[in-house]
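What the coordinates show
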Amino acid sequence: MTMPPPRTAWNLLYETADAASWMLPVEALDPGTRVEAAAARPTEQPSGWIGQHGPAIAPETWPRSPGTGLPMRHTLTLWLPPEYLTRGPALPGIAIFQGDTADGGPVEQDAAPGSAMAGPAGRPADDPHLASLAAARPHPRLTTAVTTFAPHRFALIWLTADELAPGPTAPPRDIRRPAEHTTSPNAWDDPQPTRRVWLQRREDRNVGLATRSPDYRGPYDERSGDLMPWARSIPFEFANHLGGTYMEIDFTPSLSPRFLQLGRSVGIHFDLSYAASGILAVDLESAEFDLMG
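Description of the structure in this document. (Residues numbered from 1 in each chain as written. Predicted model: local features only at pLDDT ≥ 70, side-chain atom pairs only at ≥ 80, totals over all residues. Heavy atoms only, no water.)

Some words on the overall build of the protein
The test is simple: Helix and strand assignments follow DSSP, with helices taken as H or I runs no shorter than four residues and strands as E runs no shorter than two, numbered in order from the N terminus. Three labels apply to residues, based on accessible area from a 1.4 Å probe with only protein chains included: buried if under 20% of the type maximum, exposed if over 50%, partly exposed otherwise in between. By definition in these notes, contact holds between two residues if any of their heavy atoms fall within 4.5 Å.
Helix and strand counts for the protein come out as two helices and 15 strands. For the protein, with 293 residues in total, the buried portion stands at 52%. A separation of at least 24 residues holds for 66% of the contacts in the protein among residues at least 6 apart in sequence.

Printed below as a string of structure tokens:
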């Protein structure tokens with residue numbers, strides 16, 4: 001059954017470290033600097049979280065990078081508004097993970113979950129990492145993708161209420177031996193603190209429109225590069241959102257009206273081989289990923 005277009009777009013608001021407010025952080029052009037807009041913490045219940053901890057899925061089904069076999073880094077878990085439930089009400093949320101590079105960079109092994117033979121020649125047979133990999137199995141609602149502009153691996157899991165309700169859940173236990181299997185990104189190295197996420201209604205002229213729709217309008221003037229007058233109420237701080245206007249000056253991918261855009265921000269950072277920062281779009285209808293540097 002075809003769903004009618006959504007009528008509401010939503011901003012993602014991230015909790016501050018002191019849990020007293022929310023913020024919309026943006027990585028500025030100068031490395032190490034940020035722009036933040038903070039206000040009183042919303043009174044409604046949060047809609048998800050970012051950070052190292054993910055959803056309450058079985059540890060053996062935590063997504064793994066095909067190149068290294070390491071558990072992927074958790075990016076975001078989110079309860080979705082009803083208009084964005086493209087897999088039906090029985091799957092009310094999603095989790096997104098980042099894995100290793102897919103561009104021929106550091107790869108330890110051809111490491112498919114469940115493969116007892118995974119590992120390069122000479123790897124000790126008693127390697128606990130390989131033992132855990134042999135016991136791993138794909139989550140039944142897992143979708144993996146390799147982005148095109150910057151070829152990196154990502155994973156999307158559609159979640160049941162039972163997988164969402166327990167809240168932030170630790171990744172599988174780190175059983176690596178010292179100095180082994182350290183390729184980043186993964187679920188264990190460079191851990192990020194858990195921060196709650198709220199959804200806030202967003203006024204947006206493009207809500208309900210696919211980005212290739214004749215009625216869709218980009219937010220930037222093609223000649224000057226400046227924000228269009230109508231887009232000045234949704235500055236780049238709001239590049240973390242569901243639906244509406246894709247906030248990127250260089251290129252707009254083909255997306256359905258139901259997409260999630262994540263810009264580099266506190267607790268959300270993508271290890272990229274081609275750029276210092278990135279913008280990730282996830283189409284919730286097609287389950288396709290697009291990553292811009």
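And the narrative resumes.
Describing the environment of Ala145
You can see Ala145 is positioned in strand 9 (residues 142–146). Overall, Ala145 belongs to the buried group, its relative accessible area being 17%. For the pair Ala145 and Glu288, spaced 143 residues apart in sequence, the C-alpha separation works out to 6.8 Å. With sequence-adjacent residues up to four places away left out, Ala145 is seen in contact with His152, Arg153, Phe154 and Phe289.

With respect to helix 1 (residues 128–135)
Operational definition: It is the directions from the helix axis to the C-beta atoms whose arc is reported. Think of a polar contact as two N or O atoms within 3.5 Å of one another; within protein, one of them needs to be a possible hydrogen donor and the other a possible acceptor, and neighboring residues in sequence only count if both atoms come from side chains.
Those residues of helix 1 that fall on the buried side of the exposure criterion are His129, Leu130, Ser132 and Leu133. Buried residues of helix 1, viewed axially, fall in a sector of 160°; they line one side. Measuring from the side-chain oxygen of the N-cap residue of helix 1 to the backbone nitrogen of His129 gives 2.9 Å; that N-cap residue is Asp127.

So, the environment of Met247
Mapped onto the elements, Met247 comes out in the loop between strand 12 (241–242) and strand 13 (259–263). For Met247, a relative accessible area of 0% corresponds to the buried category.

What to know about the nonpolar core
Selection criterion: To form a nonpolar core, buried Ala, Val, Leu, Ile, Met, Phe, Trp, Tyr and Cys residues must be joined to one another through side-chain atoms within 4.5 Å.
In terms of nonpolar packing, the biggest core is built from 27 residues, with Leu80, Ile94, Ile96, Leu242 and Leu260 touching the most fellow members. Elements supplying a minimum of two residues to this core: strand 1 (9–15), strand 7 (73–79), strand 8 (93–101), strand 10 (152–159), strand 11 (195–202), strand 13, strand 14 (279–283) and strand 15 (289–292). Setting aside residues up to four positions removed in sequence, Ile94 forms contacts with Leu76, Thr77, Leu78, Leu80, Leu156, Ile157, Trp158, Leu159, Leu260 and Leu284. Ranked by size, the runner-up nonpolar core spans twelve residues in total, among them Leu70, Ala95, Ala155 and Leu159.

Observations regarding the packing of aromatic side chains
Keep this limit in mind: Pairing of aromatic side chains here covers Phe, Tyr and the six-membered ring of Trp, requires ring centres within 6.5 Å, and sorts the geometry by plane angle: under 30 degrees stacked, over 60 edge-to-face, intermediate tilted. To sit over a ring, a charge needs its Lys NZ or Arg CZ within 6 Å of the ring centre and within 35 degrees of the ring normal.
Counted under the stated rule, the structure contains three aromatic pairs. Residues Trp62 and Phe97 carry aromatic rings whose centres are separated by 5.2 Å and whose planes lie at 70° to one another, so their mutual orientation is edge-to-face. Of this pair, Trp62 sits in the loop between strand 6 (48–50) and strand 7 while Phe97 is found in strand 8, placing the two residues 35 residues apart along the sequence. As far as the burial class goes, Trp62 and Phe97 line up, both buried. With a centroid separation of 6.4 Å and 55° between ring planes, the pair formed by Tyr246 and Phe259 is classed as tilted. Highlighted residues: Tyr246 in the loop between strand 12 and strand 13 and Phe259 in strand 13, separated in sequence by 13 residues. Exposure remark for Tyr246: the relative accessible area of 0% places this residue in the buried category. The buried category is assigned to Phe259, whose relative accessible area is 0%. If you follow Arg205 out to its NZ or CZ, it ends over the ring of Trp230, 5.5 Å from the centre.

Here's the deal with the pattern of salt bridges
Condition: A pair is scored as a salt bridge if a Lys or Arg side-chain nitrogen falls within 4 Å of a carboxyl oxygen belonging to Asp or Glu.
One pass over the full model with this rule turns up ten salt bridges. For the salt bridge of Arg141 with Glu163, the shortest nitrogen-to-oxygen distance reads 2.6 Å. Here the residue Arg141 occupies a position in the loop between helix 1 and strand 9, and Glu163 occupies one in helix 2 (residues 161–164), the gap between them amounting to 22 residues. Residue Glu285 pairs with Arg258 through a salt bridge whose shortest N-O separation is 3.0 Å.

Brief notes about the side chain of Asn206
Within the secondary structure, Asn206 sits in the loop between strand 11 and strand 12. In this structure Asn206 comes out as buried when scored by relative accessible area, which is 0%. In this view, Asn206 contacts Asp215, Tyr216, Arg217, Trp230, Gly244 and Thr245; residues no more than four positions away in its chain are not counted.

Overview of the pairing of strand 8
Both faces of the sheet carry side chains from a regular strand, because those side chains alternate between them. Note the threshold: A strand pair is defined by DSSP finding two or more bridges across the two strands.
The buried fraction of strand 8 amounts to nine of the nine residues, a majority that puts the element mostly inside the structure. Across six bridges, the pairing between strand 7 and strand 8 is antiparallel. Its bridge partner lying in strand 8, Leu78 is registered against Ile94. One ladder, built from seven bridges, connects strand 8 with strand 10; its direction is antiparallel. Each residue of the ladder has a partner; that of Thr101, found in strand 10, is His152.

Observations concerning the pairing of strand 13
Buried residues dominate strand 13, accounting for five of its five residues. What you see with strand 13 is no split at all: Phe259, Gln261 and Gly263 on one side and Leu260 and Leu262 on the other are buried throughout. For strand 12 and strand 13, the ladder comprises two bridges, and the chain directions are antiparallel. Across the sheet, His241 pairs through a bridge with Gln261, a residue of strand 13. Pairing of strand 13 with strand 14 involves five bridges; the strand directions are antiparallel. By the bridge assignment for strand 14, Gln261 is matched with Ala281.

These values are about where atoms sit, not about what they do.
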